[in-house]
Amino acid sequence: MSKVAASILSADLANLAADSGCLLNAGADILHFDVMDGHFVPNISYGAPVLTCLKQALPDAYYEVHLMISEPARYAADFAKAGADLITFHYEAVPGRVGETIDTIRAVGCKVGISIKPGTPVEEIFDWLDKVDLVLVMSVEPGFGGQSFMPAAPERIAALRRECDRRALHTLLEVDGGINTVTGAQCAAAGVDWLVAGNFLFKAKDPEAEIRTLHGLSYQTM
Ligand code: DX5
Ligand code: ZN
(Lines give C-alpha, C1' and ligand atoms only; values in the text may rest on other atoms or scores of the structure.)
(Ligands and ions follow the chains in the order given, each with its own letter.)
Protein backbone atom coordinates (compact mmCIF):
# COMPACT_ATOMS: atom_id res chain seq x y z
CA MET A 1 0.00 0.00 0.00
CA SER A 2 1.30 3.45 -0.94
CA LYS A 3 0.88 6.37 1.41
CA VAL A 4 -0.61 9.56 0.01
CA ALA A 5 0.85 12.96 0.84
CA ALA A 6 -1.38 15.87 -0.13
CA SER A 7 0.64 18.83 -1.43
CA ILE A 8 -1.27 21.79 -0.05
CA LEU A 9 0.43 24.21 -2.43
CA SER A 10 -2.60 23.59 -4.66
CA ALA A 11 -5.11 24.45 -1.91
CA ASP A 12 -7.12 27.65 -1.76
CA LEU A 13 -4.66 29.37 0.55
CA ALA A 14 -7.35 31.61 2.00
CA ASN A 15 -9.02 28.42 3.20
CA LEU A 16 -5.95 26.35 3.89
CA ALA A 17 -7.13 24.54 7.01
CA ALA A 18 -10.53 23.66 5.53
CA ASP A 19 -9.01 22.48 2.23
CA SER A 20 -6.33 20.44 4.01
CA GLY A 21 -8.92 18.98 6.36
CA CYS A 22 -11.02 17.84 3.40
CA LEU A 23 -8.13 15.82 1.99
CA LEU A 24 -7.36 14.31 5.39
CA ASN A 25 -11.01 13.31 5.68
CA ALA A 26 -10.78 11.84 2.20
CA GLY A 27 -7.98 9.58 3.39
CA ALA A 28 -4.69 11.46 2.82
CA ASP A 29 -2.02 10.22 5.23
CA ILE A 30 0.31 13.19 5.22
CA LEU A 31 0.20 16.95 4.62
CA HIS A 32 3.09 17.92 2.32
CA PHE A 33 4.11 21.51 3.05
CA ASP A 34 6.16 23.06 0.22
CA VAL A 35 8.48 25.88 1.24
CA MET A 36 10.07 27.98 -1.53
CA ASP A 37 12.43 30.90 -1.04
CA GLY A 38 12.62 32.55 -4.48
CA HIS A 39 16.34 31.68 -4.52
CA PHE A 40 16.80 27.92 -4.65
CA VAL A 41 13.66 27.82 -6.80
CA PRO A 42 12.08 30.66 -8.82
CA ASN A 43 8.96 30.95 -6.69
CA ILE A 44 7.97 31.93 -3.15
CA SER A 45 5.36 30.03 -1.16
CA TYR A 46 4.96 30.27 2.62
CA GLY A 47 6.99 29.75 5.78
CA ALA A 48 6.90 28.50 9.36
CA PRO A 49 4.19 30.92 10.67
CA VAL A 50 1.72 29.38 8.24
CA LEU A 51 2.63 25.90 9.48
CA THR A 52 2.16 27.04 13.08
CA CYS A 53 -1.41 28.11 12.30
CA LEU A 54 -2.19 25.00 10.28
CA LYS A 55 -0.88 22.78 13.07
CA GLN A 56 -3.16 24.58 15.52
CA ALA A 57 -6.13 24.01 13.23
CA LEU A 58 -5.25 20.39 12.40
CA PRO A 59 -3.11 19.14 15.29
CA ASP A 60 -3.31 15.43 14.50
CA ALA A 61 -2.02 15.55 10.93
CA TYR A 62 1.45 14.29 9.98
CA TYR A 63 3.42 17.22 8.57
CA GLU A 64 6.13 16.71 6.01
CA VAL A 65 7.97 19.94 5.22
CA HIS A 66 9.63 20.03 1.78
CA LEU A 67 12.26 22.75 1.96
CA MET A 68 13.10 24.08 -1.50
CA ILE A 69 15.37 26.71 0.02
CA SER A 70 19.05 27.59 -0.06
CA GLU A 71 19.76 27.34 3.66
CA PRO A 72 17.65 24.51 5.08
CA ALA A 73 19.69 24.07 8.28
CA ARG A 74 19.17 27.71 9.22
CA TYR A 75 15.39 27.28 9.32
CA ALA A 76 15.07 23.69 10.60
CA ALA A 77 14.39 24.72 14.21
CA ASP A 78 11.63 27.13 13.14
CA PHE A 79 9.82 24.39 11.22
CA ALA A 80 10.28 21.86 14.01
CA LYS A 81 8.77 24.31 16.48
CA ALA A 82 5.93 25.01 14.06
CA GLY A 83 4.99 21.32 14.00
CA ALA A 84 7.01 19.51 11.33
CA ASP A 85 7.31 15.75 11.80
CA LEU A 86 9.68 15.24 8.90
CA ILE A 87 11.86 17.84 7.16
CA THR A 88 13.13 17.21 3.66
CA PHE A 89 15.97 19.33 2.25
CA HIS A 90 17.48 19.44 -1.22
CA TYR A 91 20.83 17.75 -1.77
CA GLU A 92 21.69 20.38 -4.41
CA ALA A 93 21.17 23.23 -1.93
CA VAL A 94 23.92 22.15 0.46
CA PRO A 95 27.08 21.12 -1.44
CA GLY A 96 29.63 19.77 1.04
CA ARG A 97 27.19 20.20 3.94
CA VAL A 98 24.85 17.23 3.53
CA GLY A 99 25.98 15.51 6.74
CA GLU A 100 25.72 18.60 8.90
CA THR A 101 22.30 19.42 7.44
CA ILE A 102 21.05 15.93 8.35
CA ASP A 103 22.50 16.32 11.86
CA THR A 104 20.85 19.73 12.33
CA ILE A 105 17.42 18.41 11.34
CA ARG A 106 17.80 15.42 13.65
CA ALA A 107 18.93 17.67 16.48
CA VAL A 108 15.67 19.63 16.31
CA GLY A 109 13.75 16.38 16.72
CA CYS A 110 12.49 15.72 13.19
CA LYS A 111 12.82 12.83 10.82
CA VAL A 112 15.01 13.63 7.81
CA GLY A 113 14.37 13.48 4.09
CA ILE A 114 16.79 14.25 1.26
CA SER A 115 15.46 15.35 -2.12
CA ILE A 116 16.99 15.34 -5.58
CA LYS A 117 16.03 17.38 -8.63
CA PRO A 118 15.37 15.56 -11.93
CA GLY A 119 18.88 16.30 -13.28
CA THR A 120 20.85 14.94 -10.31
CA PRO A 121 22.17 11.39 -10.82
CA VAL A 122 20.62 9.16 -8.14
CA GLU A 123 24.02 7.55 -7.43
CA GLU A 124 25.18 10.85 -5.92
CA ILE A 125 23.06 10.23 -2.85
CA PHE A 126 23.79 6.52 -2.39
CA ASP A 127 26.22 7.35 0.44
CA TRP A 128 23.42 9.07 2.36
CA LEU A 129 20.74 6.38 2.05
CA ASP A 130 21.47 4.90 5.46
CA LYS A 131 21.62 8.33 7.14
CA VAL A 132 18.15 9.58 6.22
CA ASP A 133 14.59 8.35 6.78
CA LEU A 134 13.31 9.23 3.32
CA VAL A 135 14.45 10.06 -0.20
CA LEU A 136 12.23 12.38 -2.24
CA VAL A 137 12.63 12.00 -5.99
CA MET A 138 11.36 15.06 -7.86
CA SER A 139 9.43 14.14 -10.99
CA VAL A 140 9.19 17.81 -12.03
CA GLU A 141 11.59 20.72 -11.64
CA PRO A 142 10.81 22.02 -8.16
CA GLY A 143 9.07 25.37 -7.91
CA PHE A 144 5.50 25.01 -9.10
CA GLY A 145 2.49 22.75 -8.69
CA GLY A 146 0.53 21.47 -11.66
CA GLN A 147 3.46 20.50 -13.93
CA SER A 148 3.69 17.38 -16.09
CA PHE A 149 5.33 14.24 -14.74
CA MET A 150 8.80 13.54 -16.15
CA PRO A 151 8.88 9.99 -17.56
CA ALA A 152 12.44 9.33 -16.37
CA ALA A 153 11.29 9.30 -12.74
CA PRO A 154 10.22 5.62 -12.39
CA GLU A 155 13.63 4.32 -13.50
CA ARG A 156 15.31 6.66 -11.00
CA ILE A 157 13.06 5.33 -8.26
CA ALA A 158 13.80 1.75 -9.34
CA ALA A 159 17.55 2.40 -9.10
CA LEU A 160 17.13 3.71 -5.54
CA ARG A 161 14.87 0.77 -4.65
CA ARG A 162 17.47 -1.71 -5.95
CA GLU A 163 20.22 -0.05 -3.93
CA CYS A 164 18.10 0.03 -0.74
CA ASP A 165 17.09 -3.60 -1.21
CA ARG A 166 20.70 -4.65 -1.90
CA ARG A 167 21.79 -3.05 1.39
CA ALA A 168 18.62 -4.12 3.28
CA LEU A 169 17.79 -0.50 4.08
CA HIS A 170 14.30 0.59 5.06
CA THR A 171 14.70 4.14 3.81
CA LEU A 172 11.37 5.36 2.47
CA LEU A 173 11.13 6.45 -1.16
CA GLU A 174 8.78 9.26 -2.16
CA VAL A 175 7.94 10.92 -5.47
CA ASP A 176 6.69 14.47 -6.02
CA GLY A 177 5.39 16.23 -9.13
CA GLY A 178 2.65 15.43 -11.62
CA ILE A 179 1.35 12.44 -9.70
CA ASN A 180 -2.07 11.00 -10.57
CA THR A 181 -3.39 7.44 -10.67
CA VAL A 182 -1.49 6.68 -13.92
CA THR A 183 1.90 8.16 -13.04
CA GLY A 184 1.44 7.00 -9.44
CA ALA A 185 1.06 3.43 -10.68
CA GLN A 186 4.34 3.70 -12.63
CA CYS A 187 6.13 4.94 -9.52
CA ALA A 188 4.58 2.30 -7.28
CA ALA A 189 5.70 -0.38 -9.72
CA ALA A 190 9.21 1.06 -9.47
CA GLY A 191 9.14 0.75 -5.68
CA VAL A 192 7.99 4.07 -4.26
CA ASP A 193 6.41 4.16 -0.77
CA TRP A 194 4.86 7.63 -0.61
CA LEU A 195 3.11 9.52 -3.42
CA VAL A 196 2.84 13.31 -3.24
CA ALA A 197 -0.13 14.72 -5.13
CA GLY A 198 -1.30 18.31 -5.28
CA ASN A 199 -3.19 19.48 -8.30
CA PHE A 200 -4.65 16.05 -8.98
CA LEU A 201 -6.28 15.77 -5.55
CA PHE A 202 -7.41 19.36 -5.19
CA LYS A 203 -9.03 19.29 -8.64
CA ALA A 204 -10.60 15.85 -8.17
CA LYS A 205 -14.39 15.54 -8.17
CA ASP A 206 -14.11 12.61 -5.79
CA PRO A 207 -10.80 12.87 -3.89
CA GLU A 208 -11.75 9.95 -1.65
CA ALA A 209 -11.99 7.59 -4.63
CA GLU A 210 -8.70 8.87 -6.10
CA ILE A 211 -6.91 8.45 -2.76
CA ARG A 212 -8.33 4.94 -2.45
CA THR A 213 -6.88 4.11 -5.86
CA LEU A 214 -3.50 5.63 -4.95
CA HIS A 215 -3.49 3.67 -1.68
CA GLY A 216 -4.08 0.47 -3.62
CA LEU A 217 -0.94 0.91 -5.69
CA SER A 218 2.03 -0.95 -4.36
CA TYR A 219 5.37 -2.40 -5.31
CA GLN A 220 4.52 -5.87 -4.04
CA THR A 221 1.27 -6.23 -5.95
CA MET A 222 2.46 -4.87 -9.31
C1 DX5 B 1 6.77 21.29 -6.65
C2 DX5 B 1 6.32 20.84 -5.29
C3 DX5 B 1 5.27 19.80 -5.34
C4 DX5 B 1 4.03 20.22 -6.05
C5 DX5 B 1 3.25 18.99 -6.41
O6 DX5 B 1 7.89 22.07 -6.55
O7 DX5 B 1 7.39 20.32 -4.55
O8 DX5 B 1 4.98 19.27 -4.05
O9 DX5 B 1 3.23 21.07 -5.30
O10 DX5 B 1 2.14 19.40 -7.10
P11 DX5 B 1 1.49 18.58 -8.30
O12 DX5 B 1 1.04 17.29 -7.73
O13 DX5 B 1 0.40 19.47 -8.72
O14 DX5 B 1 2.56 18.39 -9.34
ZN1 ZN C 1 6.91 19.14 -2.73
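The rules behind these values
Residues numbered from 1 in each chain as written. Chains lettered and ligands numbered in written order. Predicted model: local features only at pLDDT ≥ 70, side-chain atom pairs only at ≥ 80, totals over all residues. Heavy atoms only, no water. Donors = N, O, S within 2.8 Å, 3.2 Å for Na, K, Ca; no water. Tetrahedral: all angles 85-135°; square planar, octahedral: opposite > 155°, others 65-115°. Helix = DSSP H or I, 4+ residues; strand = E, 2+ residues; numbered from the N terminus. Axes fitted to C-alpha atoms, helices over the stretch in contact; angles between N-to-C directions. Parallel < 35°, antiparallel > 145°, perpendicular 65-115°, else oblique. Left-handed = near helix turned anticlockwise from the far one by under 90°. Contact = heavy atoms within 4.5 Å. Nonpolar A, V, L, I, M, F, W, Y, C, P; charged D, E, K, R; others polar. Pairing = 2+ DSSP bridges. Salt bridge = Lys/Arg side-chain N within 4 Å of Asp/Glu carboxyl O. Buried < 20%, exposed > 50% of the residue type's maximum accessible area, 1.4 Å probe, protein only.

Student: It is not clear to me how the coordination of the zinc ion (ligand 2) should be interpreted in this structure. Could you clarify?
Tutor: Ideal coordination angles are 109.5 degrees for a metal with four donors arranged tetrahedrally and 90 or 180 degrees for a metal with six donors arranged octahedrally. Protein coordination at the zinc ion (ligand 2) comes from His 32 (NE2), Asp 34 (OD), His 66 (ND1) and Asp 176 (OD), with a distance range of 2.1 to 2.3 Å. One can describe the donor arrangement at the zinc ion (ligand 2) as octahedral, given that its 6 donor atoms subtend angles of 72 to 173° at the metal. In primary sequence terms, the donor set of the zinc ion (ligand 2) follows H-x1-D-x31-H-x109-D. Of this pair, Asp 34 sits in strand S2 (residues 30-36) while Asp 176 sits in strand S7 (residues 172-176), placing them 142 residues apart in sequence.

Student: Explain the packing of helix H1 (residues 16-25) against helix H2 (residues 48-57) here, please?
Tutor: Helix packing for two helices is described by the angle between their axes and how far apart those axes are. Remark: H1 packs on H2, axes separated minimally by 10 Å, with the N-to-C direction vectors making an angle of 55°. Between H1 and H2, the crossing angle belongs to the class labelled oblique. Relative to H2, H1 is oriented so that their crossing is right-handed. Counting all contacts with H1, which are made through Leu 16, Ala 17 and Ser 20, the residues of H2 involved are Val 50, Leu 54 and Ala 57. Tallied by class, residues from the contact of H1 with H2 come to 5 nonpolar, 1 polar and no charged.

Student: Help me out: how do you make sense of the sheet that holds strand S8 (residues 194-197) in this one?
Tutor: Hydrogen bonding along the main chain pairs the strands of a sheet, whether they run parallel or antiparallel. On the basis of which strands lie adjacent, the closed barrel formed by 8 strands has the order S1-S2-S3-S4-S5-S6-S7-S8 and parallel pairing. Going across the sheet, the axis of each strand differs from the next one's by a mean of 25°, ignoring polarity. Pairing analysis gives 3 bridges linking strand S1 (residues 3-7) to S2, with the strands arranged parallel. Counterpart to Ser 7 in the pairing with S2 is His 32.

Student: Looking at this structure, how should I read the pattern of salt bridges?
Tutor: Between side chains of opposite charge, a pair can form as their charged atoms come close. As enumerated under the stated definition, the model contains 9 salt bridges in all. With a shortest N-O distance of 3.0 Å, Asp 130 and Lys 131 are connected by a salt bridge. On the basis of relative accessible area, Lys 131 is assigned to the partly exposed category, the value being 38%. Arg 167 is the partner of Glu 163 in a salt bridge, and the nearest nitrogen-oxygen pair spans 3.0 Å.

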